[in-house]
Amino acid sequence: MKTISFLLLSIYILSSFVACTTKQEDSTAQQIIKGDKTFYIVADVGRNGFYKQKDVAHYMGVYSEKFAPSFIISAGDCFHMRGVQSTQDPIFLTNYELVYGHPNLHCEWYPVLGNHEYQGNTQAVIEYSNISRRWVMPDRYYTFVEKVNDSTTVRFIAIDTPPLLEKYRTETEKYPDAQYQNHIQQLQWIDSVLRVCNATWKIVYGHHPILSEDTKNDDEEKTELIANLQPILEKHAIDFYISGHIHTFQHLQDSSSNIDYIVSPSGSLGRPALHNQFTRFAHADEGFILSTITHTSIHMYTINYDGTIIYSYTRSK
C-alpha cells in the first residue's frame, strides 16, 4: 500500500512539471536561432525544488517544447548541502528525478562534481550512472564528442575542479574524498586530450570559475586555477570554459585570450552579480543556458526563472 501511495505521489509531482508554452513564451522563443543540435547548461541546481529550482526546471521544460536538448551539461553542485551518502540516497529522487520531470529533459545529463558533492560520497554520484539512464558520468573527469552535422563536431571535456584546489585536498574532514585524487595526473590528462583534439569546437567545463568576480571571496581558488589550469586551456586555444559555483551568470573575456568564460546562472538560490575588468555581462537571476549549434556558430541564450532571455551571445567560426 505504501508503495502504491508513493508511486501515485511521484506521478502527481511529475505531472506538475509538464510544461505548455504560452503566446508570450512562443514570442520569446522566436528570438532563439534554431541549430542542428541543442544542449542546455545548468549548475548549482541542488536544493530540493526550493529557491526557484522548480521555476527554472519548469522553463527548461517549456523551451524544450521547441528546442528539445540532445543533452544537458551539469556544472556541479547538483546535490546541496552535503552531497549524497549512497546511490540509494532519496535526494537523487527529490532533488533531481522528480524536479526535472519533463519528458524532453530525459536526455543524457553529463555532470561534474562540485564542492558540495565532495562533502559526501563522490563515488556514489558517479555510480548513479548505473541506476539512472540519463545520468551519464563515466568517471570524475572524462570527455565525449557530439557530432552536429557532417562537417561539425564538438569535443566536451568534463573536469573535476575541487581536487585541483589545495583547500579541498587539505580540509579532509569536510571534503573527505578530495585528498585521494591526483590533481597533477588530471592536469596532464586535460593537456593530453586537448593536444590531439581536432574537433571543430573545444569546450571544457568544470565547477569552479577562473576569471569571475563574486561574493564568495575565493581569490585563492581563482589564483590556483589561473596558475595551473588556464595555461593549458590557452595553449590549446579552447573556445569555451564553462563553470558554476558562484550562483550568478557571468560572461567574461580576457583581451589577451580568445576563450569565452561562461559561468552558468544558478539553478537555485542566485547571488548578487559583481563585475571586474573581465566582465562582459553579469546577472543575479536564477536560470539556465540554452545553446544551439549550427555548422558555423554556437548560440547561447541565458534564460531566467520566469522564462525571460536575459542575455544572448553568438560565437562563429
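1. Overview of the overall build of the protein
Then comes step 1: Helices and strands together make up the secondary structure of the protein, namely nine helices and 13 strands.
Then comes step 2: Here the protein has a C-alpha radius of gyration of 19 Å; the compact-globule value for 317 residues is 20 Å, and the two agree.
Then comes step 3: Projected onto the principal axes, the alpha-carbon positions of the protein cover approximately 55 × 45 × 40 Å.
Then comes step 4: Every one of the 317 residues in the protein was classed for burial, and the buried ones make up 58%.
Then comes step 5: When the accessible area of the protein is evaluated, it comes to approximately 13300 Å², of which 50% is carbon and sulfur surface.
Then comes step 6: When the 26 positive and 35 negative side-chain charges of the protein are each reduced to one mean point, those points stand 4 Å apart.

2. Digging into helix α3 (residues 53–64)
Then comes step 1: Under the 1.5 Å per step criterion, the end-to-end length of α3 is 17 Å for 12 residues, consistent within 8% with the ideal 16 Å.
Then comes step 2: A large share of α3 lies buried, amounting to nine of its 12 residues.
Then comes step 3: Gln-53, Val-56, Ala-57, Tyr-59, Met-60, Gly-61, Val-62, Tyr-63 and Ser-64 are the residues of α3 that are buried.

3. Section: the sheet that holds strand β5 (residues 152–158)
Strand pairing in a sheet takes place through backbone hydrogen bonds and is either antiparallel or parallel in direction.
Then comes step 1: Pairing is mixed in the open sheet, where seven strands are placed in the order β4-β5-β6-β7-β9-β8-β10. In this open sheet, the two edge strands, each paired with only one partner strand, are β4 (142–149) and β10 (279–283). Taken pair by pair, the neighbouring strands of this sheet meet at an average axis angle of 15°, ignoring direction.
Then comes step 2: Sheet analysis places strand β6 (residues 201–205) next to strand β7 (residues 240–243), joined by three bridges and oriented parallel. Bridging from a neighbouring strand, Val-204 pairs with Tyr-241 of β7.
Then comes step 3: Relative to the sheet, helix α7 (residues 183–195) contacts β4, β5 and β6, its axis offset from that of β5 by approximately 175°.

4. Quick notes on the sheet that holds strand β11 (residues 287–293)
Then comes step 1: Across the sheet, six strands lie side by side as β3-β2-β1-β11-β12-β13; this open sheet has mixed pairing. Each of the sheet's edge strands pairs with one partner strand only, and the pair in question is β3 (108–111) and β13 (309–316). If you compare each strand with its neighbour and ignore which way they point, the axes differ by 20° on average.
Then comes step 2: Its contacts with the sheet put α3 on β1 (37–42), β2 (71–74), β3, β11 and β12 (297–304), and the angle it makes with β11 is roughly 25°.

5. A word on the pattern of salt bridges
Then comes step 1: Within this structure, the stated rule accounts for 11 salt bridges.
Then comes step 2: Its salt-bridge partner being Lys-37, residue Glu-146 comes within 2.9 Å of it at the nearest N-O pair. One end of the pair, Glu-146, is in strand β4; the other, Lys-37, is in strand β1, and 109 residues separate them in sequence.
Then comes step 3: With relative accessibility at 12%, the residue Glu-146 sits in the buried group.
Then comes step 4: The partner of Asp-239 in a salt bridge is Lys-317, with the nearest N and O atoms 3.2 Å apart. In this pair, Asp-239 is assigned in the loop between α9 (230–235) and β7 and Lys-317 in the segment after β13, connecting sequence segments 78 residues apart.

6. Notes on the confidence of the model for the protein
Then comes step 1: Per-residue pLDDT for the protein averages 92, and the proportion of residues at 70 or more is 92%.
Then comes step 2: In this model residues 1–18 is a low-confidence stretch, pLDDT under 50, and it forms 11 contacts with partners more than four residues away in sequence or in other chains.

7. Here we look at helix α8 (residues 219–228)
Then comes step 1: What α8 keeps buried is the set Glu-221, Lys-222, Glu-224 and Leu-225. For α8, the angular spread of buried residues about the axis comes to 160°, placing them on one side. Away from the buried face of α8 by more than 90 degrees, exposed residues Glu-220, Thr-223 and Ala-227 are located.
Then comes step 2: Against the buried residues of α8 lie α6 (166–170) and α9.

8. With respect to the pairing of strand β9 (residues 260–263)
Then comes step 1: Neither face of β9 is exposed, since Asp-260 and Ile-262 on one face and Tyr-261 and Val-263 on the opposite face are all buried.
Then comes step 2: Two strands pair when backbone bridges link them, and β7 and β9 are joined in this way by four bridges, in the parallel orientation. Residue pairing in the sheet places Ser-243 in a bridge with Val-263 of β9.
Then comes step 3: The pairing of strand β8 (residues 249–253) with β9 spans four bridges and is classified as antiparallel. Its bridge partner lying in β9, Gln-250 is registered against Val-263.
Then comes step 4: In this structure, the hairpin formed by β8 and β9 is closed by a connection of six residues.

Calculation notes
Residues numbered from 1 in each chain as written. Predicted model: local features only at pLDDT ≥ 70, side-chain atom pairs only at ≥ 80, totals over all residues. Heavy atoms only, no water. Helix = DSSP H or I, 4+ residues; strand = E, 2+ residues; numbered from the N terminus. Rg over C-alpha atoms; globule rule 2.2 N^0.38 Å. Buried < 20%, exposed > 50% of the residue type's maximum accessible area, 1.4 Å probe, protein only. Areas by Shrake-Rupley, 256 points an atom, 1.4 Å probe, with all protein chains shown as cover. Lys, Arg positive; Asp, Glu negative; His and termini not counted. Charge placed at Lys NZ, Arg CZ, Asp CG, Glu CD. Expected span 1.5 Å × (residues − 1). Pairing = 2+ DSSP bridges. Axes fitted to C-alpha atoms, helices over the stretch in contact; angles between N-to-C directions. Contact = heavy atoms within 4.5 Å. Salt bridge = Lys/Arg side-chain N within 4 Å of Asp/Glu carboxyl O. pLDDT = per-residue confidence, 0-100. Arc of directions from axis to C-beta.

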